[in-house]
Amino acid sequence: MKNEMKLTCLIVTVGMAAAPVLARAQDERAFTQLDTTVRLDRGGAVDLSLISGRIRVTGWDQANVKISASIESGLLRFSANSSRVTLSVDDEGNGHYRHRNVGEARFDVSVPRGSHLILEAVSGDVTAKGSQGEIEASSVSGDVDVSDGIRAVSVESVSGSAHAAQVNGNLHAETVSGDLRAENVSGNVQASSVSGDIRLVGIQSRDVRTETVSGNLDYTGTIEPSGRYGFESHSGTLKLNIPRNAGAQFSVETFSGSIDTDFPITLQPGTKRREGHMEFTIGDGRARVTAQTFSGEIIISNGSTTRREDE
Amino acid sequence: MTNSNMTCEEFDAALPDYLEGTLDEPLRAAVQKHLSECVRCASLVRDLETIRKNAGALPDLIPSRDLWQGIEARIAAPVIPLAERPEVQRRFVPAWMGVAAAALIVSTAGITYMLTARSLQGGKEQVATLATQGSPIPSKSGSDTGAPQISTEQAPTPADGGGAGSRRPPTGSRMAASDAAAGQNRAGARLAVQQEQSDAVYGREIDMLQKIVTQRKTQLDSSTVAIIERNLQIIDAAIEQSKTALAKDPRSRLLSDQLTHALDKKVELLRTAAFLPAST
């Protein structure tokens, strides 16, 4: 036996609302509708993908994965073993336009806390909350909204929005034109867009790197001792809300934009301030903050607090 | 497009193995026959082989550990431990992805080289900058009050071009000043040469990715294509603005960085578009 635990052994109960219409392999089957519960090892992966429709995942305090899924036209492909559960749409067909024969799919899935989620949609929305494990979520034109991830969270969209909240770990967030928002992240943050706005709120991180071309960036978060913070844009506005008691060396530079800061700047004797370039230190100066634009405005305000967004 | 017994789609699927030289003889013969009859596929292979050859000819550079961390983060996907994956066919993975993957393998080498070269250069200049700026540690009064202290460099002069990477020597004889000026000229010339090399590498790789994306346009949803094109225009405008400004101030580290970021962004977006699933 290829796999010791076959699907038939893993299905705990629950109705298979429709009979399998195709069996490609012993551990993979296709359905038009699926209602099932399967056991998953602690930290196992749940891999869900669809073309259009939505994926909705919720974490729960059971060791099983509960799936309720349907598709308007086409087939769902399902496989499971003790370490991985996979549900996708059957996109095999002829030519480049095969996805057009696949209808909207809806996945409602409950997963054990700690599961590793891999969620992909083409034009569908993706949401996940309460899983308390690693999350990789992406959509091309749909919105991505995840919360309660730990260790490593990745959210990506091309034209949809990307939102990550309550992340206890590193965050990688990327969009092209969609807006990107992250709240209450404690870990390294990488966020980038082309034209989408980036809003980072309640960030507690020692390493933040953000870049956008024409989108605006708004950062509110702590400046940790020895932390590194980089903010870049071409024409977008960079707005940094820095705690008053932060300690950091700032290097702020723009080619044709403007620089505005709440922090009092004192010129030392013998130095001159070059237009568009400012270096200054606040507090103990242990952290490094760099902000750079071509034509975008750079605003550094000192009014932020370090409390989290939901407090 | 169909030529001989092999279709272009079949060719695309076989291309990675063909480039690696791992095809069995009958399939290799079929690929070569197809190449002799299909302009599109022959052109693609020519481009890929040229880029692979050029990338292979690039000299070795060994970045420092500190630099490598940043580079690695930009070129490598995050390493996330996964449970063992069953051998099922990955969704949304048609044959063109093999072509894109093969193309990206060779393109990554060139981009990595440029990032490494730029980072090494940037690192050297940063050392020089710190050496002329004095101690970065703030004075006691600054620390106590929390008041920021300016530590900006001297105002730029026409001689130094005002670039962020150029600094006036603090003190010294005329000979020292002359040496410094010569050094600045050499640094400026080196930056200009680097910029040309960088432009050439980015140009080739962007062209290659652009070809893949152009070929894939008909497979993608029109609204997605429109968004990709609109954002490519935004990036192109940023590239043009940076280049124009850099032409007037070739020593500006800020402008050089801005140009690099915009070019990186374009490569990223084209890669994203190259790997988008069909009909999105």
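Structural data are supplied above this passage.
All figures in this text were calculated on a predicted structure; none of them were measured in a lab. Per chain, residues are indexed from 1 in the order of the written sequence. All chains are assigned letters beginning at A, and all ligands numbers beginning at 1, according to the order in which they are written. With pLDDT at 70 or above as the cut-off, local features in this predicted model cover only qualifying residues; side-chain atom pairs require 80 or more to be listed or tallied, and sums for whole chains, interfaces and linings still use all residues. Side-chain metrics in this entry use all non-hydrogen atoms of the structure; hydrogen atoms and water are not considered.

1. Overview of the overall build of chain A
Reasoning step 1: A helix here means a DSSP run of H or I that spans at least four residues, while a strand means a run of E at least two residues long, and both kinds are numbered starting from the N terminus. Helix and strand counts for chain A stand at one helix and 27 strands.
Reasoning step 2: Evaluated residue by residue, chain A yields a buried proportion of 57% over its 311 residues.
Reasoning step 3: Contacts are assigned to residue pairs that have any heavy atoms within 4.5 Å of one another. Residue pairs in contact within chain A that sit at least 24 positions apart in sequence constitute 47% of those at least 6 positions apart.
Reasoning step 4: Working definition of accessibility: Shrake-Rupley area with a 1.4 Å probe, residue cover restricted to the visible protein chains. Accessible area for chain A stands at about 12,200 Å²; split by element, carbon and sulfur atoms hold 43% of it. Note on exposure labels: buried denotes an accessible area under 20% of the residue type's maximum, exposed denotes more than 50%, and partly exposed covers the range between, all computed with a 1.4 Å probe on protein chains only.

2. Concerning the pattern of salt bridges
All names here are of chain A.
Reasoning step 1: Any Lys or Arg side-chain nitrogen found within 4 Å of a carboxyl oxygen on Asp or Glu counts as a salt bridge. Under the criterion given, the structure shown has 15 salt bridges over all chains.
Reasoning step 2: In this structure, R113 and D61 form a salt bridge, with 2.7 Å as the shortest nitrogen-oxygen distance. Placement of the pair is R113 in the loop between β9 (105-112) and β10 (116-121) and D61 in the loop between β5 (53-60) and β6 (64-71), with a sequence separation of 52 residues.
Reasoning step 3: The class for R113 is partly exposed, based on a relative accessible area of 31%.
Reasoning step 4: With a relative accessible area of 67%, D61 lands in the exposed category.
Reasoning step 5: One continuous salt-bridge network, built from bridges that share partners, spans R54, R56 and D108.

3. Topic: empty space enclosed by the protein
Leftover empty space is mapped by rolling, across the atoms, a probe with the size of a water molecule.
Reasoning step 1: The distinction between a cavity and a pocket rests on a 1 Å grid over the protein atoms alone: a 1.4 Å probe fits inside a cavity but cannot get out, while a pocket stays open yet meets protein on both sides within 12 Å along at least five of seven lines, and a residue with an atom within 4 Å of a point counts as lining. Grid points are joined across faces, edges and corners, and a volume is the space filled by probe spheres set on the points. Counted by the stated rule, this structure contains two cavities of 30 Å³ or more.
Reasoning step 2: Taken as a whole, the largest cavity encloses approximately 120 Å³ of empty space.
Reasoning step 3: As for the largest cavity, its lining consists of 14 residues, and the residues nearest its centre are T212 and V213 of chain A together with Q258, H261 and A262 of chain B.
Reasoning step 4: Contributing elements (two or more residues each) for the lining of the largest cavity: β19 (207-212) and β21 (228-233) of chain A together with α9 (253-274) of chain B.
Reasoning step 5: Residue contributions to the lining of the largest cavity peak at six residues, all from α9 of chain B.
Reasoning step 6: Each residue gets one label: Ala, Val, Leu, Ile, Met, Phe, Trp, Tyr, Cys and Pro are nonpolar, Asp, Glu, Lys and Arg are charged, and the others, such as Gly, are polar. In the lining of the largest cavity, the residues fall into three nonpolar, five polar and six charged.

Don't take any of this as a statement about function, it's just geometry.
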